[in-house]
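Results of the structural survey
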Amino acid sequence: MNSLTRKVVSAAVLLIVLLAAIPPSATAPDTDTDGDGLPDAWETSAGRAYGCDPRHADLLVYTIERSTMTDKVTDTINHATAFFNALNVGNPDGQRGIRLHVIRGPKTTDQNSSYSDLAKTYLPASLKGRAHFNVFSNDPGGQTNGNASISGVAEFGWNSFVHELGHQLGLNHEAIGFKVQSPVHASLMNYAYLDGFNGNENAIQFSDGRFASLRMTETSLDETLPFPIASLQFLANDPYRFAMKAVGSRTQVDWNRNGIFGEKGVRADINYQPSSWLGDRIKIEASLTAPAGAYVNKDFYVAYGVPAGRLRAIVLRKFLGGNRWGPRVATGLITAVGDPTLVADRGVLWVASQTPTGVDVVALQATGDGARVDGNLSATLPATRPARQPTLAVLDTRLVLFLHELGTNRVLALPYSGSGRTWGQEHDTGIKSLTTVGAAWHPIQHKAVIVATMNTNVKGRMAVYFRGVKDGLIDATGDDDWIGGKDGGNATIARPAVLVDTSRDAGPAGRVYAYYAASNPGLPVFFSMQVADKHFNGGWLERSAYDQWTITASAPAAVLGPTGEIAYCYRDQSNGMLNCSFAGSGVEPGEMGDADEVSFIRLQGLKRSLGR
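Residues numbered from 1 in each chain as written. Predicted model: local features only at pLDDT ≥ 70, side-chain atom pairs only at ≥ 80, totals over all residues. Heavy atoms only, no water.

Notes on the sheet that holds strand β21 (residues 388–395)
- Pairing within the open sheet is antiparallel, and its four strands lie in the order β21-β22-β23-β24. The outermost strands of the open sheet, each flanked by one partner alone, are β21 and β24 (427–432). Here the average twist between neighbouring strands, direction ignored, is 30°.
- Inspection of the sheet shows β21 paired to strand β22 (residues 398–405) by eight bridges, in the antiparallel sense. Across the sheet, the residue bridging to Leu392 is Leu401, located in β22. (Pairing = 2+ DSSP bridges. Helix = DSSP H or I, 4+ residues; strand = E, 2+ residues; numbered from the N terminus. Axes fitted to C-alpha atoms, helices over the stretch in contact; angles between N-to-C directions.)

The following block contains the structure:
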């Protein structure tokens with residue numbers, strides 16, 4: 001317990017002792033002996049009917065049911081009542097805990113009104129300012145607005161109910177005083193620990209602030225923590241499963257998962273449950289295709305499809321900073337089929353797309369706020385049967401065009417000659433893929449990294465091929481891996497965006513990233529990265545982007561920038577809007593930490609919440 005927490009708790013104990021010494025007859029009509037926001041006069045009169053006691057903290061919740069699962073509602077209430085009663089807080093009567101009184105109102109068939117409107121309709125006038133309100137529903141999850149909530153009972157019912165009551169009592173998903181979630185904020189308010197804690201779904205809790213002295217930022221983490229390993233054991237369990245080791249009375253946590261302990265100044269996304277925040281999103285415009293991105297020095301460009309009469313044209317735009325984008329640059333690809341591919345090589349932007357006449361490759365010279373087409377470098381590869389879909393990649397010092405052959409699923413490749421419109425002889429890589437492949441160069445291994453998809457375990461399962469390259473020709477053999485391990489299910493329905501991180505945080509061997517649209521509809525973008533521990537999902541960590549409501553039906557774009565951060569773009573499924581951000585690693589700059597929520601609820605939350 002830090003000094004500030006000790007002072008707050010000591011003051012609370014002194015207050016309770018002093019209030020307990022005052023005879024009830026000497027108190028004013030608005031006296032609140034137990035500090036729960038309910039006046040003694042009310043608790044000893046109308047409140048008696050609900051079991052209230054002026055010398056013990058009470059929490060009243062009026063509920064209605066928009067649920068057919070009556071038994072689960074009852075179970076939810078019983079669990080929540082026991083949870084609050086077990087809270088380690090003091091009372092003037094000398095007993096611990098907060099007494100939760102759930103007043104069960106009627107069932108309703110109203111499926112259209114919001115829970116806030118239902119509160120206005122159903123909460124009795126005699127309980128306004130005295131009781132909170134909740135709607136039990138069949139749906140999972142919940143929401144809160146002021147002193148009204150809705151919580152589902154289908155899954156983790158009591159967890160959700162207590163979580164929403166936490167919001168009504170003034171708690172957020174982040175620890176009090178912070179705007180970024182922290183893995184050491186061991187609270188059911190933190191989505192990472194809502195469904196269970198330390199391997200036990202019944203061990204969920206409000207945080208007692210035991211790690212309140214620790215303040216961290218993902219941009220500069222210290223892997224040595226001033227706490228014994230036993231107190232941090234939950235970090236080694238689901239959902240994070242961090243590798244840790246004891247160093248005397250301290251603990252070292254491999255935050256960046258590179259297999260090296262005790263580093264300082266670490267950059268790592270350590271709060272990715274249930275999803276990772278990839279930075280503020282900058283809108284461009286509605287797109288007909290998936291985006292493709294590339295950097296020319298420090299300048300970021302994105303290519304995508306827009307309507308051109310009844311056709312689809314590929315355009316290019318440059319990011320100008322802030323929320324600004326340069327004007328559309330016409331690439332000349334006006335009959336595009338499928339999604340574009342874009343790379344930069346020696347300051348030249350190369351964009352390619354399948355067209356009715358074959359595969360068109362266009363070169364553009366960056367200039368001003370945009371770029372101009374270089375007709376001396378652009379080329380068309382004649383149409384073939386089956387048709388082919390392109391992926392451009394720069395492998396070491398060579399520009400290479402991969403071609404995914406529809407029907408046969410063969411992956412072919414041909415190198416750029418280095419001048420003019422001439423491309424080398426195409427060759428079969430020996431790789432097959434259900435989708436267009438993603439590819440990048442691994443400068444540490446001196447190999448191409450090719451991510452293909454196949455029907456193994458699940459449809460669209462991603463496999464990684466590490467292949468040597470000589471004069472632009474891909475070796476027929478090499479090392480292979482499964483993203484997510486051989487027994488995993490990491491899969492996609494479209495071309496994955498592939499990049500290789502060689503920073504210190506990636507470890508001495510570097511690490512591969514893949515960003516991809518989910519193989520099932522209605523899910524967000526996922527991204528996986530290699531980690532040092534091969535026992536951890538086969539050496540891969542998978543995360544989701546933003547939240548469960550950020551859905552895309554198209555492949556995303558992800559490009560490693562000159563600062564080591566990742567530019568990320570996706571096309572919103574709901575409206576086709578193209579969005580880009582520049583924190584695709586998931587590393588957030590804000591400070592994170594822990595706080596004593598139990599004391600906050602007892603000393604402030606109960607009373608303040610009834611004043612709303």
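From this point, the narrative continues.
Here's the deal with the pairing of strand β9 (residues 250–253)
- Note that strand β7 (residues 224–225) and β9 share two bridges and pair antiparallel. Each residue of the ladder has a partner; that of Leu225, found in β9, is Thr251.
- Relative to β9, strand β8 (residues 244–247) runs antiparallel, the two being bridged by four bridges. In the strand pairing of β9, Met244 is matched with Val253.
- The loop that links β8 with its antiparallel partner β9 comprises two residues; one of these, Gly248, has a positive phi angle of about 65°.

Notes on unusual backbone geometry
- Residue Pro274 follows Gln273 across a cis peptide bond; omega there is 5°.
- Among the structural elements, Pro274 can be located in the loop between β9 and β10 (282–286).
- The residue after Arg385, namely Pro386, is reached through a cis peptide bond having omega 0°.
- One can find Pro386 in the loop between β20 (379–382) and β21.
- The phi dihedral of Asn198 falls on the positive side, at around 55°, and the residue is not glycine.
- Its relative accessible area of 35% is what places Asn198 among the partly exposed residues.
- You will see that Asp471, though not glycine, has its phi angle at about 55°, which is positive.
- Of note, Asp471 is situated in the loop between β27 (458–470) and β28 (473–482). (Buried < 20%, exposed > 50% of the residue type's maximum accessible area, 1.4 Å probe, protein only.)

What to know about the sheet that holds β8
- Here we have three strands laid out as an open sheet, ordered β7-β9-β8, and antiparallel in their pairing. The open sheet has two edge strands, β7 and β8, and neither has a second partner.

Re the state of the cysteines
- Evaluated as defined, the whole model comprises one disulfide.
- Through a disulfide, Cys569 is tied to Cys580; the S-S separation comes to 2.1 Å. Between Cys569 and Cys580 the sulfur-sulfur dihedral comes to about 110°; the bridge is accordingly right-handed. Separated by eleven residues along the polypeptide, Cys569 in strand β34 (residues 566–571) and Cys580 in strand β35 (residues 577–581) bring together distant segments of the chain. Each member of the pair, Cys569 as well as Cys580, carries the same accessibility label: buried. (Disulfide = S-S within 2.5 Å.)

Focus: the nonpolar core
- Counting residues in each nonpolar core, the largest one holds 42 residues, and the members touching the most others are Leu235, Trp255 and Tyr515.
- Elements represented by at least two residues in this core include exactly β29 (497–501), β30 (511–516), β31 (526–530) and β34.
- A total of three residues in this core trace back to one element, the largest contributor, which is β34.
- In contact with Tyr515, not counting residues within four places along its chain, are Pro496, Ala497, Leu499, Phe526, Phe527, Pro556, Ala558, Ile566, Tyr568, Gly584 and Ser585.
- Counting residues in hydrophobic clusters, the runner-up holds 30 residues, among them Ala57, Leu100, Leu165 and Leu169. (Core = buried A, V, L, I, M, F, W, Y, C linked by side-chain atoms within 4.5 Å. Contact = heavy atoms within 4.5 Å.)

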